[in-house]
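# Chain and residue survey
As a plain string of letters, each chain reads:
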Amino acid sequence: MEYDPTLLLQVEDVHKSFPGVNALSGMRLDLRHGEVLGLVGENGAGKSTLMKLLTGIYIHQEGEFFLDGEPLRVRTPLDAEKRGLSIIHQELNLVSHLTVAENIWLGREPRSGGVFTKPREQIARTRDLLERLEMDLDPKALVANLTVAKQQMVEIAKALSFDAKVLIMDEPTSALNETEVAQLHTLIRRFVTPETGVVYITHRMPELKSITDRITVIRDGKYITTTDTATSTLDEIISHMVGRAIDTSAKPVNVRDDREVILSVRNLTTKSALHEVSFDLHKGEVLGFAGLMGAGRTETARAIIGADPHVSAEITLRGTTVTISNPAQAARMGIGYLSEDRKKYGLMLNLDVAHNVTISSIQDKFTTGPFEKKSAIRQAAQDAVELLKVKTPSMTQQVKFLSGGNQQKAIIGRWLVKDCDVLIFDEPTRGIDVGAKEEIYQLLNHLAEQGKSIIMISSELPEILRMAHRVVVMSDGYVTGTLQADEATQESIMALATTRLSEKELP
Amino acid sequence: MFSAANPDPIQDSTAVVTPEEKQAGIWKQRLQQLLAFAGLLIIFLAFSIVAPTTFATYSNVMNILFSAVVIGCLAMGATLVIVSAGIDLSVGTGMALCAVMAATFMVRWGLPVWLGILLTLAFGAFIGLINGTAVTILGLPPFIATLAMMMICQGLALVVSNVAPIYFDPVDHASYMWISTGNLIPGSGFPNAIFVLILAVVVAYILFNKTILGRYDVSIGSNMEATALSGINVKKWLILIYAAAGTFTALGGIMISARLGSAQPATGAGYEMQAIAATVIGGTSLAGGKGSVIGTLIGALIISVINNGLQIIMLPQQWQNVVLGTVIVVVVFIDQLRNKQAKAR
Ligand SMILES: Nc1ncnc2c1ncn2[C@@H]1O[C@H](COP(=O)(O)OP(=O)(O)OP(=O)(O)O)[C@@H](O)[C@H]1O
Ligand SMILES: [Mg+2]
């Protein structure tokens with residue numbers, strides 16, 4: 001086997017297949033000392049699989065790995081840790097009823113006499129670590145009570161608490177907003193020394209430019225090319241990735257302001273998160289919701305559909321005042337909600353693709369009396385899978401075996417099959433590749449044209465600017481402004497997103 | 001349903017499953033059940049060899065079936081609940097209470113047999129309804145809610161019966177006993193209990209595999225919050241699932257009292273463990289989201305065969321439990337090992 005001792009990490013001709021899927025064939029990858037290597041490819045291209053092979057979660061069938069010129073054989077995640085490989089997985093892997101500190105040091109707790117834990121020292125160490133990383137987290141906070149973004153930060157802190165040589169990050173920013181992304185990039189730059197390196201997986205293309213040194217593109221489990229970031233354009237990389245060009249400069253379509261109001265929310269207040277949130281959603285409109293993390297966008301959505309209680313609110317749907325006390329009722333009224341956290345609130349992981357795609361609509365569309373119409377269910381799932389190009393070997397594949405982006409497509413499919421009038425999509429394109437994203441945007445535009453009304457909550461400003469007819473900006477539980485499409489820019493949104501905060505900081 | 005045009009129909013990245021692969025999947029599932037069934041046969045044969053004159057006789061096999069009918073009915077209910085990631089500890093004493101209620105309706109109140117049976121089934125459903133309500137509306141953990149119900153049923157069975165068995169009248173209630181010990185097909189040698197078990201399994205199978213209740217059952221067991229956010233009224237369906245389990249419990253109560261010709265208020269405790277064991281042996285995961293009615297049937301048969309076989313070879317009662325416990329560990333361990341291997345491929 002050829003290998004190059006000057007490389008930090010080398011992957012040569014690696015193969016891995018699963019029943020019905022060739023995840024990797026002849027995969028290769030070189031990571032140099034002191035660099036950040038971007039790894040990009042479409043959903044299901046094999047990025048996560050490669051990283052799981054490197055960290056001993058799967059065992060590969062063929063091929064070799066070298067670390068610092070030495071053959072690398074990891075059988076378990078613990079092996080990987082010992083060899084200096086640290087990974088942040090695409091899906092969060094935290095124990096939700098433990099605290100931040102307990103999660104970070106899980107399995108490596110400071111002990112006395114080998115058995116007794118030393119909670120105070122653990123907290124102190126966590127404080128040190130978080131301070132060093134400039135993260136605003138409470139070591140004693142229960143992970144279950146944190147937002148996805150904060151949980152992601154805990155994962156990052158945990159990965160950086162090892163003395164790692166190679167840090168692998170599988171879509172670390174999919175839940176973060178620009179500010180947090182910038183913060184993470186600072187951390188990464190501080191982590192990289194001439195001895196270490198980072199593999200950075202993302203679907204957010206602009207990040208590649210700001211953080212990576214080189215970029216490796218893979219497609220369908222095969223190595224395509226590696227380019228220097230400085231000398232290549234994003235368009236080139238995208239066309240390597242998806243095999244065609246994508247217009248990333250598209251703008252919202254059919255912006256009009258003469259549409260009737262379908263959903264009107266007035267003075268929505270909850271116990272702690274929301275204060276007098278008011279807005280209108282028009283028929284056939286894509287209404288963007290922007291804001292920093294913790295601004296209350298997800299809380300707004302959950303309160304509207306009755307998933308969380310509210311203190312007061314006047315909600316008017318199609319002109320009549322309604323009270324919605326649970327999501328089932330919301331769905332009956334034609335309001336569907338797609339959660340930002342697909343693993344916890346979206347997927348039935350051990351059930352199949354057909355189930356996950358059709359579960360919302362089975363009762364009203366695919367039954368005769370109490371009996372299911374199995375073939376209609378399969379057909380509907382098949383149609384959705386084809387429309388969204390979900391990569392799956394079959395309708396009966398358990399959804400946990402799909403790649404992250406394909407899982408996300410599956411739950412988008414669920415609400416397309418359901419055919420609601422009002423769709424509340426919370427970070428709908430989280431983990432979805434650039435090509436598929438654009439297709440989903442077009443799909444949503446098409447739905448809006450047909451008279452569906454869509455609320456799109458997104459932490460990605462480019463996404464908001466690409467899609468939203470109007471943008472509601474929230475901050476700290478308040479609506480701080482509503483912008484028309486032509487007024488919305490990065491700057492105007494960010495200004496409103498930080499209004500309330502800066503007011504509070506004033507004496 | 002989709003009116004959205006596919007914006008750009010580039011090559012379909014959806015890999016297709018060849019018919020062979022699909023066939024392989026179906027066979028794998030069949031194989032799993034075949035294996036369990038083979039296990040049942042092996043245990044049966046082993047006892048037949050050890051005790052040829054006493055175990056493998058017609059009357060003893062009927063004994064095994066009578067016991068399997070009761071455990072089987074309870075286990076059908078237990079399976080429905082366990083798949084939803086819940087647990088029902090009240091099926092054992094609930095069965096005893098239902099038997100006492102059946103006797104109350106027919107013997108004490110003198111109601112006709114058909115009405116007594118319907119009322120008993122309704123009563124079982126009512127017990128389940130309360131379990132379900134405690135779990136969903138009051139938000140109690142299923143273990144606690146049904147543990148409490150187990151104790152309540154145990155107590156009520158004694159209270160209602162005045163701490164004494166209630167006997168059915170051999171003449172007035174002949175048709176009641178006929179349900180278990182009669183012969184629908186005269187001279188066939190098959191007691192009706194077998195048909196009741198088959199009926200119970202068919203109903204449970206249809207409920208679990210063909211109806212919306214079964215669909216929501218696995219969905220809730222797999223991820224309750226995601227199911228709720230999908231627009232499904234999880235509370236309502238959970239209550240229905242517990243009510244269905246209660247109905248199967250009542251059927252168990254009817255079958256045991258019809259067989260004995262009396263309602264024994266103190267015989268229920270312990271049956272819940274047998275029902276749960278049968279469910280687990282049958283491949284249903286206690287974590288929820290996955291289960292098999294046929295597997296549970298095989299599990300109930302395995303437990304009945306072992307219970308009976310150990311009695312026949314006159315192993316002391318205390319050792320019977322030791323053996324049964326060991327069997328559960330071994331069976332579930334093998335099942336998990338097989339699942340892990342399938343994953344590692
Ligand atoms: N455990 C598994 N069993 C079966 N198939 C799997 C398994 N893990 C991954 N796959 C399949 O392997 C392929 C590659 O998946 P992988 O998760 O590596 O994609 P990815 O590049 O990380 O995609 P994404 O951008 O969506 O996260 C996919 O088609 C996926 O369905
Ligand atoms: Mg991935």
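Please read these numbers as outputs of a predicted model, since none were measured by experiment. (Residues numbered from 1 in each chain as written. Chains lettered and ligands numbered in written order. Predicted model: local features only at pLDDT ≥ 70, side-chain atom pairs only at ≥ 80, totals over all residues. Heavy atoms only, no water.)

### Topic: the overall build of chain A
Within chain A, the secondary structure is distributed over 19 helices and 24 strands. Here the C-alpha coordinates of chain A stretch approximately 70 × 60 × 50 Å along the principal axes. The buried share among the 507 residues of chain A stands at 57%. Here the analysis covers contacts within chain A between residues at least 6 apart in sequence; of these, 66% occur between residues at least 24 apart. Taking the 58 positively charged and 68 negatively charged side chains of chain A as two groups, their mean positions are separated by 5 Å. (Helix = DSSP H or I, 4+ residues; strand = E, 2+ residues; numbered from the N terminus. Buried < 20%, exposed > 50% of the residue type's maximum accessible area, 1.4 Å probe, protein only. Contact = heavy atoms within 4.5 Å. Lys, Arg positive; Asp, Glu negative; His and termini not counted. Charge placed at Lys NZ, Arg CZ, Asp CG, Glu CD.)

### Overview of the overall build of chain B
Within chain B, the secondary structure is distributed over 13 helices and two strands. Every one of the 345 residues in chain B was classed for burial, and the buried ones make up 48%. Within chain B, counting contacts between residues at least 6 apart in sequence, those at least 24 apart form 76% of the total. Total accessible area computed for chain B in this model is approximately 15,700 Å², and 71% of it derives from carbon and sulfur atoms. (Areas by Shrake-Rupley, 256 points an atom, 1.4 Å probe, with all protein chains shown as cover.)

### Some thoughts on the site of ligand 1
All names here are of chain A. Around ligand 1 there are 22 residues in total, and Ser48, Thr49, His203, Ser403 and Gly405 lie nearest to it. A distance of 2.5 Å is found between an oxygen atom of ligand 1 and a side-chain nitrogen or oxygen belonging to Thr49. Interatomic distance of 3.1 Å between a backbone N/O atom of Phe401 and an oxygen atom of ligand 1. Out of a free accessible area of 640 Å², ligand 1 has 95% covered by protein chains. Those elements giving two or more residues to the shell around ligand 1 turn out to be β2 (21-32), α1 (47-54) and α15 (404-418). Of all the elements, α1 adds the most residues to the shell around ligand 1, at three residues. Classifying every residue of the shell around ligand 1 by side-chain character gives seven nonpolar, 11 polar and four charged. (Near = heavy atom within 4 Å. Polar contact = N/O pair within 3.5 Å; in protein donor to acceptor, adjacent residues only side chain to side chain. Nonpolar A, V, L, I, M, F, W, Y, C, P; charged D, E, K, R; others polar.)

### A short note on the interface of chain B and chain A
Across the boundary between the two partners, chain B contributes 42 residues, which contact 54 residues of chain A. Between chain B and chain A, a total of about 4,000 Å² is buried, with carbon and sulfur atoms accounting for 56% of that surface. At the boundary of chain B with chain A, the tally comes to one salt bridge. We note a salt bridge from Glu372 of chain A to Arg215 of chain B, for which the minimum N-O separation is 2.6 Å. Considering each element in turn, the side of chain B that touches chain A owes the most residues, six residues, to helix α8 (residues 212-222) of chain B. Along the lines of polarity and charge, the residues of the side of chain B that touches chain A split into 18 nonpolar, 16 polar and eight charged. (Buried area = accessible area lost by both parts, 1.4 Å probe. Salt bridge = Lys/Arg side-chain N within 4 Å of Asp/Glu carboxyl O.)

### Some words on the coordination of the magnesium ion (ligand 2)
Reference values for angles at a metal are 109.5 degrees in the four-donor tetrahedral case and 90 or 180 degrees in the six-donor octahedral case. Residue and element names in this part refer to chain A. Distances from the magnesium ion (ligand 2) to its protein donors, namely Ser48 (OG) and Gln90 (OE1), fall within the range 2.0 to 2.1 Å. Residue Ser48 is located in helix α1, and its partner Gln90 is located in the loop between β6 (85-88) and α3 (100-104); the two are separated by 42 residues in the primary sequence. Judged on exposure class, the residue Ser48 and its partner Gln90 are both buried. (Donors = N, O, S within 2.8 Å, 3.2 Å for Na, K, Ca; no water.)

### Notes on the sheet that holds strand β14 (residues 277-282) of chain A
Residue and element names in this part refer to chain A. The strand order across the open sheet built from four strands is β14-β13-β16-β17, with neighbouring strands paired in antiparallel fashion. The open sheet has two edge strands with one neighbour each: β14 and β17 (320-322). On average, adjacent strands in this sheet sit at an angle of 20° to one another, irrespective of strand direction. For strand β13 (residues 261-269) and strand β16 (residues 312-317), the ladder comprises five bridges, and the chain directions are antiparallel. (Pairing = 2+ DSSP bridges. Axes fitted to C-alpha atoms, helices over the stretch in contact; angles between N-to-C directions.)

### Regarding the pattern of salt bridges
Residues and elements named next belong to chain A. According to the stated counting rule, one finds 22 salt bridges over all chains in the structure shown. The residue Arg342 makes a salt bridge to Glu91 at a minimum N-O spacing of 3.3 Å. Of the two residues, Arg342 is situated in helix α11 (residues 342-346) and Glu91 in the loop between β6 and α3; the sequence distance between them amounts to 251 residues. A salt bridge links Arg190 to Glu134; the shortest N-O distance between them is 3.8 Å. Of this pair, Arg190 sits in helix α6 (residues 178-191) while Glu134 sits in the loop between α4 (119-132) and α5 (148-161), and the two are 56 residues apart along the sequence. Since its relative accessible area comes to 53%, Glu134 is described here as exposed. Where salt bridges share partners, they join Arg204, Glu207, Lys437 and Glu460 into one cluster.

### Digging into α6 of chain A
All names here are of chain A. An ideal rise of 1.5 Å per residue puts 20 Å on 14 residues; α6 measures up with 20 Å between its terminal C-alpha atoms. Of the positions making up α6, those classed as buried are Glu180, Val181, Leu184, His185, Leu187, Ile188 and Phe191. Angular distribution of buried residues about the axis of α6 spans 160°; they occupy a single face of the element. Looking at the buried positions of α6, the neighbouring elements they touch are β3 (36-40), α5, β9 (166-170), β10 (197-201) and α7 (205-211). (Expected span 1.5 Å × (residues − 1). Arc of directions from axis to C-beta.)

### Digging into the state of the cysteines
Residues and elements named next belong to chain B. Under the criterion given, the structure shown has zero disulfides over all chains. Left unpaired, Cys98 is separated from the closest cysteine sulfur, that of Cys153, by 7.2 Å. Owing to a relative accessible area of 0%, Cys98 belongs among the buried residues under this scheme. What makes Cys153 buried here is its relative accessible area of 1%. (Disulfide = S-S within 2.5 Å.)

### A short note on α8 of chain B
The periodicity of an α-helix, 3.6 residues per turn, causes residues three or four places apart in sequence to face the same way. With 10 of 11 residues buried, α8 of chain B is to be regarded as a mostly interior element. Looking at α8 of chain B, one finds that the buried residues are Ile212, Leu213, Gly214, Arg215, Tyr216, Asp217, Val218, Ser219, Ile220 and Gly221 of chain B.

### Considering the domain arrangement of chain A
Residues and elements named next belong to chain A. The domain architecture assigned to chain A consists of domain 1 (7-242) and domain 2 (260-334 + 422-507). The centre of domain 1, based on its C-alpha atoms, is set 31 Å off from the matching centre of domain 2. Summed over both partners, the interface of domain 1 with domain 2 comes to about 1,400 Å²; 56% of that surface belongs to carbon and sulfur atoms. Here domain 1 is connected to domain 2 by one salt bridge. The residue Glu460 makes a salt bridge to Arg204 at a minimum N-O spacing of 3.7 Å. Where domain 1 packs against domain 2, one counts three residue pairs in polar contact (both at pLDDT 80 or more). Here the side of domain 1 that touches domain 2 takes four residues from α5, the largest share from any one element. Looking at the side of domain 1 that touches domain 2 residue by residue, the class counts come to nine nonpolar, six polar and six charged. (Domains from an automatic or database assignment.)

### Quick look at the nonpolar core
Buried together is how nonpolar side chains tend to be arranged in soluble globular proteins. Formed by 137 residues in total, the largest nonpolar core has its most connected members in Ile412 and Leu444 of chain A together with Tyr176 of chain B. Among the elements that line this core, the one with the most residues is helix α2 (residues 58-83) of chain B, at 16 residues. Once you skip the residues sitting within four places of it in the chain, Leu444 of chain A turns out to touch Phe425, Ile454, Met456 and Met467 of chain A. In terms of nonpolar packing, the next biggest core, distinct from the first, is built from 34 residues, Val143, Met153, Ala164 and Tyr200 of chain A among them. (Core = buried A, V, L, I, M, F, W, Y, C linked by side-chain atoms within 4.5 Å.)

### Looking at the packing of aromatic side chains
Applying the stated rule across the entire model yields eight aromatic pairs over all chains. Ring centres of Phe123 of chain B and Phe126 of chain B lie 6.5 Å apart, and the angle between their planes is 45°; on these two criteria the pair is classed as tilted. Note that Phe123 of chain B and Phe126 of chain B are positioned in helix α4 (residues 113-136) at a spacing of three residues, about one turn of the helix. Among the aromatic residues, ring-to-ring pairing joins Phe44, Phe47 and Phe55 of chain B into one connected group. It is Arg108 of chain A that lies over the ring of Phe162 of chain A; its NZ or CZ is 3.9 Å from the centre. A cation over a ring is seen here: Arg259 of chain B above Phe66 of chain B, with NZ or CZ 4.0 Å from the ring centre. (Phe/Tyr/Trp six-rings, centres within 6.5 Å; stacked < 30°, edge-to-face > 60°. Lys NZ or Arg CZ within 6 Å of the ring centre and 35° of its normal.)

### Here's the deal with the side chain of Asn60 of chain B
All names here are of chain B. Within the secondary structure, Asn60 sits in helix α2. For Asn60, a relative accessible area of 4% corresponds to the buried category. Among the polar contacts made by the side chain of Asn60, one reaches the main-chain carbonyl oxygen of Phe55 at a distance of 2.8 Å.

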